[in-house]
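Listed here are the chains, written in short residue letters.
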Amino acid sequence: MTDAATPMEVEKKVDSTEVETGGESARPAPAGFVVHTESTTSILFASPTTTGPAPVFLNPVQEYNRDLSVAAIRTWATRRAREKTVEWEKGLKKRKAKRMRKEGEGEGENGDSNKKRKLEDGGKQETEKVVAEDEVVDDAEEGVKDQPKLSTEDKLPRTPLFKFTLLEALSATGLRAIRYAKELPLLRYVVANDLSASAVEDIKRNVEWNGLAPKGLPPAEEEAKRERPRSKAEIDELLNGKVRPNEGDAVVYMYNHRSESSRFDCIDLDPYGSAVPFLDAAIGAVADGGLMCVTCTDAAVLAGHNYPEKSYTHYGGVCVNSEYSHEVGIRLILNAIASTAGRYGRTIEPLLSLSIDFYMRVFLRVTTSPKEVKALPSKTSLLYYCHDCQAHFMQPMGKVVEKVSAKTGDVNYSYHMPAGPPAGMGERCGECGGRFHIGGPMWGAPIHNQEFVAELLEHVENNMSDFGTASRITGMISIAKAELEAPFYFTPAKLAGFFHTISPPLNTIASALLNGGFQISRSHTVAGSIKTNAPRDFIMDIYREWIKSHPVNMDKVKEGSPAARLLAKEQKHEISLEPHPGVDEAMMSKHKLVRYQLNPLPNWGPGKAAVRGKGKKSNEQD
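Because the structure is a prediction, the values reported are computed rather than measured.

*Asks:* Sorry, what's going on with the overall build of the protein here?
*Replies:* For the protein, the count of helices and strands is 19 helices and 20 strands. Out of the 622 residues in the protein, the part that is buried amounts to 50%. Here the analysis covers contacts within the protein between residues at least 6 apart in sequence; of these, 69% occur between residues at least 24 apart. Carbon and sulfur atoms provide 51% of the accessible area of the protein, an area that totals close to 29,800 Å².

*Asks:* So what exactly am I meant to see when it comes to the environment of Asp194 here?
*Replies:* With respect to the helices, strands and loops of the structure, Asp194 is situated in strand S8 (residues 187-194). Judged by relative accessible area, which is 0%, Asp194 ranks as buried. As for Asp194 and Leu170, which are separated by 24 residues in sequence, their C-alpha atoms are 5.2 Å apart.

*Asks:* Can you help me understand the pattern of salt bridges in this one?
*Replies:* Charged atoms that come close allow side chains of opposite charge to pair. Overall, the coordinates contain 28 salt bridges when judged by the stated rule. Between Glu431 and Lys569 there is a salt bridge, with the nearest N and O atoms lying 3.0 Å from each other. Note that Glu431 is positioned in the loop between strand S17 (411-416) and strand S18 (436-443) and Lys569 in the loop between helix H18 (562-568) and helix H19 (583-586), a separation of 138 residues in sequence. Look at Lys569 and you get partly exposed, because its relative accessible area is 26%. A network of salt bridges, in which partner residues are shared, links Glu38, Arg66, Asp67, Arg179 and Glu183.

*Asks:* Where do I start with unusual backbone geometry in this structure?
*Replies:* Trans is the common state for peptide bonds, and a negative phi is the common state for residues other than glycine. Along the chain, Gly420 connects to Pro421 via a cis peptide bond; the corresponding omega equals -5°. Tracing the chain through its elements places Pro421 in the loop between S17 and S18. The omega torsion of the bond from Gly440 to Pro441 falls at 5°, within 30 degrees of zero and hence cis. Within the secondary structure, Pro441 is located in strand S18. Although it is not a glycine, Ser39 adopts a positive phi angle of roughly 55°. Within the fold, Ser39 resides in the loop between strand S3 (33-38) and strand S4 (41-46). Residue Ser39 is classed as partly exposed on the basis of its relative accessible area of 36%. Backbone geometry at Ala172 places phi at a positive 55°, although glycine is not the residue there. Note that Ala172 resides in the loop between strand S7 (164-168) and helix H3 (175-183).

*Asks:* Would you mind showing me how to read the sheet that holds strand S14 (residues 380-386) here?
*Replies:* Working definition: the strands of a sheet are paired by backbone hydrogen bonds and lie parallel or antiparallel to each other. Strand order in the open sheet formed by three strands is S15-S14-S18, with antiparallel pairing between adjacent strands. Single-partner strands in this sheet number two, and they are strand S15 (392-396) and S18. Across the sheet, the mean angle from the axis of one strand to that of its neighbour is 25°, orientation sign disregarded. Across the sheet, helix H11 (residues 325-342) touches S14 and S18, and the angle it forms with S18 is around 50°.

*Asks:* Help me out: how do you make sense of the pairing of strand S13 (residues 359-368) in this one?
*Replies:* For a regular strand, side-chain orientation follows a simple rule: the groups alternate between the two sheet faces. Counted residue by residue, S13 has eight buried out of 10 residues, so it is predominantly covered. For strand S11 (residues 286-296) and S13, the ladder comprises seven bridges, and the chain directions are antiparallel. Bridged to Cys296 within S13 is Met360. Sheet topology note: the strand S12 (residues 346-356)/S13 ladder contains 10 bridges and is antiparallel.

*Asks:* Help me understand the side chain of Ser523 in this model?
*Replies:* Along the chain, Ser523 turns up in the loop between strand S19 (520-521) and strand S20 (531-532). There is a polar contact of 2.8 Å between the side chain of Ser523 and the side chain of Thr525.

*Asks:* Would you take a moment to explain the environment of Tyr312 for this structure?
*Replies:* Following the sequence through the fold, Tyr312 ends up in helix H10 (residues 308-315). Owing to a relative accessible area of 48%, Tyr312 belongs among the partly exposed residues under this scheme. As for Tyr312 and Gly439, which are separated by 127 residues in sequence, their C-alpha atoms are 9.7 Å apart. Those residues in contact with Tyr312 that lie beyond four places of it in its chain are Gly317 and Val318.

*Asks:* It is not clear to me how the pairing of S4 should be interpreted in this structure. Could you clarify?
*Replies:* With five of six residues buried, S4 is to be regarded as a mostly interior element. Here S3 folds back onto S4 in antiparallel fashion, the turn holding two residues, of which Ser39 has a positive phi close to 55°.

*Asks:* I would appreciate a short explanation of a nonpolar patch on the surface in the present structure.
*Replies:* On the surface, Val400, Val404, Val411, Tyr413 and Tyr415 cluster together into a nonpolar patch covering about 410 Å² of accessible area. Mapped onto the nonpolar patch, the elements with two or more residues apiece are strand S16 (399-404) and S17. Considering the arrangement of structural elements, one finds Val404 in strand S16.

The rules behind each value
Residues numbered from 1 in each chain as written. Predicted model: local features only at pLDDT ≥ 70, side-chain atom pairs only at ≥ 80, totals over all residues. Heavy atoms only, no water. Helix = DSSP H or I, 4+ residues; strand = E, 2+ residues; numbered from the N terminus. Buried < 20%, exposed > 50% of the residue type's maximum accessible area, 1.4 Å probe, protein only. Contact = heavy atoms within 4.5 Å. Areas by Shrake-Rupley, 256 points an atom, 1.4 Å probe, with all protein chains shown as cover. Salt bridge = Lys/Arg side-chain N within 4 Å of Asp/Glu carboxyl O. Pairing = 2+ DSSP bridges. Axes fitted to C-alpha atoms, helices over the stretch in contact; angles between N-to-C directions. Polar contact = N/O pair within 3.5 Å; in protein donor to acceptor, adjacent residues only side chain to side chain. Patch = residues over 30% accessible without salt bridge, like charges linked within 9 Å, V, L, I, M, F, W, Y side chains within 5 Å.

Structure (structure tokens):
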């Protein structure tokens, strides 16, 4: 991540140069270095000097980002292992059924263990089924440990242990890669890549400091005493290590890993600024069903309103000037990745998409499916929004029609151009008469997979001691789990300002929405926000009902202003402001959670990129 704290800030977090390193006994840091410890990992820094730039690039505050990434990848790996098991068993059963069909047709030969043999009384008896030799997984095969030989009583051979490969394309100090190696149980190895030669030296030093350097093969005499031969994966780890530093351009490196046999199961992109320059290469280098973890720190472009041209050239969509701009930023990133993947017949499924502090972090799954790519326009939308009152409408770029065959029950899909403008939208805003602005195109489908989020939350709650920021993770993920799929949110205080009235309590607005029969939730992006599937005119009528008991000082409302037009419009919905019995649960009011982060340090943020050499900036971060 953008880990741009000064070395002095890092040193303040370390009381002594003697630390615990991944379970090892305390040991002094080498001369000229200080140590920073995070979770299971310690890394070395060159001692700070009074002059010159920082030699390394690390922000201790971003421990949250790394903790979240470890938890998310663990959850994905567990789910992927289950999928692999299902695929493995399905394949074996299919081959078994095929062989049995052949035997039923009399294709078996004398001596075949599966042959039906005639008994003396003329009856038939099927011998015990023996698993074919080609179905047995050799103990020495990659990723399989302690595989027992199959007996005639085994129905299916044991599923091979799923192990995955990971690329951290922009590794800097290697802290994240080393944590992955120590904290991801199903990880086979991680490549820690960096363009800077000095950064790669830092990575190698930190890998060795953490006891992860390649050990090499033991002498042949020792190997001969082993009860079973080593697997290919074990030999590979001994020769090359679990963390593999690589010096090179991240884009070139990923383009060189586009073949199916060399792709990575998981790719982590965590650059300083936008990840867009790396997306095309990363999409080609991630395996089918693999995970991409993408960070963008250019929130001023994605969630601001001063750089619409830069937003369009980077992400293919225009940012918006609205209170829900951070969710728009997430959707712009997802749209950029989805459109890139679509060019190669690949689709994305967002698993978790978060706006955190000064950056955005998305976890998504990539699959190859030219058929599913056809649905991408229907998941892509333009946003029409009123600058004066924030009313908004989504215009999909495509339409999918589902047809079910009456005879067979098969489902067929056809793809069409959409009709526009969106229903209920006129030339001007129906609430305040303002003109509409346009944002996007952006991702218009859900930004989370609720099943994944639920498993992630359960994993963190069951392993709180593994994460230094577990309380914040559980808070944010709990909100993401409860979030409605309806796009965008509003804050009561912001809307109250449009009417020039005092802001109603959050639970009053929430109760009015529940009393009207609508769904509500919080949004993880902004404190005090509400997501709902209620139409905008109903939300505005809540304020008109509120104003009946909390009158507006009309002397301060300018004639012909948006506020005057909002107040002049007649209320058409019946609104109840009475407390709803389910409001506390819907708004998670009584859940003791750290929902939104407070500033952990003064003057904290993305900071400046580390400088290596004369005026040469490093584009990578931890």
